[in-house]
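Breakdown of the fold
Here's the letter readout for the chains.
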Amino acid sequence: MGVFCRNIHSGKETLLVKGAPNLLFERCTHVKLRSGSICEITDDIRDEFSSVITSLSSRPLRCLLLAVKDVDFDQYAGDIHRPEMFESIETGLTAVGIVGIRDPPRKEALESIRLCGQAGIRIAMITGDAKDTAVAIAKELTILPKDPMGTPLKAYEGKDFFSKSENEQKSLLASGNLVFYRTEPTDKQNIVKMLQSLGEVPAMTGDGVNDAPALRQANIGIAMGSGTEVAKEAADMILVDNSFSTIVKGVEEGRCIYANMQAFINFLISCNIGEVFAVFFASLFGFPSLLSSLQLLWVNLVTDGPPATALGYNPPDSEVMSRSPRDRNEEIITPWLLTRYFITGTYIAISTVGIFASYFLDSGLSFDEVRQWSTCAEWASNDSICLAFSQESLSIPQTLALSALVTVELLKALSSVSVDTSITKIGPQRNPALLLGVVIPFVIHLGILYSGKLGVPSIASSFGVVPLSVEQWISVFLWSLPILLIDDILKAYGKTINKNSHIANQ
């Protein structure tokens, strides 16, 4: 960039120029020494200049060369508005100094880049800086390895990279972090297009007018808050604090939201499958009425609703940034997750029907007798056996079945705090809303069961339930607690499937 200046005292007219050292020095014919004297540029001076630039760039410092030229404004009056004439104007310069600018990375940037690598997010650094500066900064930020151990660094000059064949370009872009230096404004957009052709989902940051096409082309265009209005208009989002770590936090939050959606679906579908299967199994075996319509409605409204809502407040789990990016075409309910829903739903049904049947078996009736309850008068040896199937007597096994269903579903909610991580590693205490969503429905359930002792027996009678003894509650928990073990086993197996699938796709 050049600026014409006139000294107001002497009237001397000068052209002041700054630019990339390796490009601007080629337009210089003289150099001003520390003593103030001016001499022609020799091969020795060129070698010393290159050595100084290399030393400053590797520190790393962004370097600018400053140059001047005595001019007569009238000589260039017709050319200063013609861009094609700028190069001819900025020739025959005298180099007067080199400026090294230190732009230290933010403290949080190093950790954010580490998280990106851990999360399977690749980084491509695209800059106009010289190679030494770009590579030094990339190594400082661990975008490139500090010790490549004999492997070539994936750092390419813009024009050199695009001079390669298209297949070679795509091969280089297919894996690992990359650095592009001395790039042109159009290079960003071309790199984005090539990444998209490889099936990648590139996010591009930028702040200048020249960045707008690349921001528009990228799947996610991210403009800096301090950038131009043109860049902001072209972008999908604006980074108000100009911090790379905010992008990484956004990725983490997005993954958390997706995981919470899966947790919500996991809980509701598993429980609904369990409720449907429970009624189906009871009918299939010919058992008496397992649950009344009011009891089923109660479970759906009170037991399912609050925990499902609270699962939306799950915090990010410790492994959310350790997983590889999911395929953008992947369905939210994968075949494996659907299998999990059916397995856990089946156990919910088994625990509900199992405790219901065990009540009759513990009373001395056989399995076949329970199945033939409707024809009890034909085979019963005495009337007391048939009384066990009366509506009044059914209130005890129905209360056991209802309590087991409520308990196993609430335990399933606690296990759903993480879709893939064991409850022993990520406990429900991380989500206070979930604890409330489980405790409050359970307390209400207890209130209904023991409403007679609270002075309002009509509530219990309307629901067709009775108070349970300590022994009966122990039975309820013995039937319910295995859901935690089953869910953890399925989570562990699911991790193995996901890991093998990721290896196969690499």
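What comes next concerns the included structure. It should be emphasised that the depicted structure is a prediction, and the values quoted were computed from it without experimental measurement. (Residues numbered from 1 in each chain as written. Predicted model: local features only at pLDDT ≥ 70, side-chain atom pairs only at ≥ 80, totals over all residues. Heavy atoms only, no water.)

Here we take up the side chain of K412. In this structure, K412 sits in helix α19 (residues 395–415). Residues within four places of K412 in sequence aside, it is in contact with N266, F267, S270, C271, T344, I483 and D487. (Helix = DSSP H or I, 4+ residues; strand = E, 2+ residues; numbered from the N terminus. Contact = heavy atoms within 4.5 Å.)

One non-glycine residue, T142, lies in positive phi territory at about 65°. Of note, T142 is situated in the loop between α6 (131–140) and β8 (155–157). Exposure remark for T142: the relative accessible area of 40% places this residue in the partly exposed category. For N242, which is not glycine, the phi torsion reads 60° and is therefore positive. Structurally, the position occupied by N242 is in the loop between β12 (237–239) and α12 (244–285). (Buried < 20%, exposed > 50% of the residue type's maximum accessible area, 1.4 Å probe, protein only.)

Bringing the environment of G227 into the picture now. Topologically, G227 is positioned in the loop between β11 (220–224) and α11 (229–234). Residue classification places G227 among the buried residues on the basis of a relative accessible area of 16%. It is 9.1 Å that separates the C-alpha atoms of G227 and I238, two residues lying 11 residues apart in sequence. Other than its neighbours up to four places away in sequence, G227 contacts D207 and K232.

A few words on helix α20 (residues 432–449). The terminal C-alpha atoms of α20, which comprises 18 residues, lie 26 Å apart, in line with the 26 Å expected from a rise of 1.5 Å per residue. Within α20, burial applies to L434, G437, V438, P441, F442, H445, I448 and L449. Looking straight down α20, one finds that the buried residues subtend no more than 115° of arc, so they occupy a single side. Away from its buried face by more than 90 degrees, α20 exposes P432 and L436. Of the surrounding elements, those touching the buried residues of α20 are α13 (293–303), α14 (305–310), α19, α21 (457–463) and α22 (470–480). (Expected span 1.5 Å × (residues − 1). Arc of directions from axis to C-beta.)

On to the packing of α12 against α13, then. Packing of α12 against α13 leaves a shortest axis separation of 12 Å and a crossing angle of 175°. The angle between α12 and α13 falls in the class roughly antiparallel. On α13, the residues that touch F267, N272, E275 and V279 of α12 are L296, V299, N300 and T303. (Axes fitted to C-alpha atoms, helices over the stretch in contact; angles between N-to-C directions. Parallel < 35°, antiparallel > 145°, perpendicular 65-115°, else oblique.)

A word on the pairing of strand β2 (residues 13–19). Counting buried positions along β2 gives five out of seven residues, so the element sits mostly inside the fold. Summarising the sheet, strand β1 (residues 2–6) and β2 pair through five bridges and their orientation is antiparallel. Bridge pairing links F4 to L15 in β2. Relative to strand β5 (residues 62–70), β2 runs antiparallel, the two sharing six bridges. Bridged to L15 within β5 is K69. (Pairing = 2+ DSSP bridges.)

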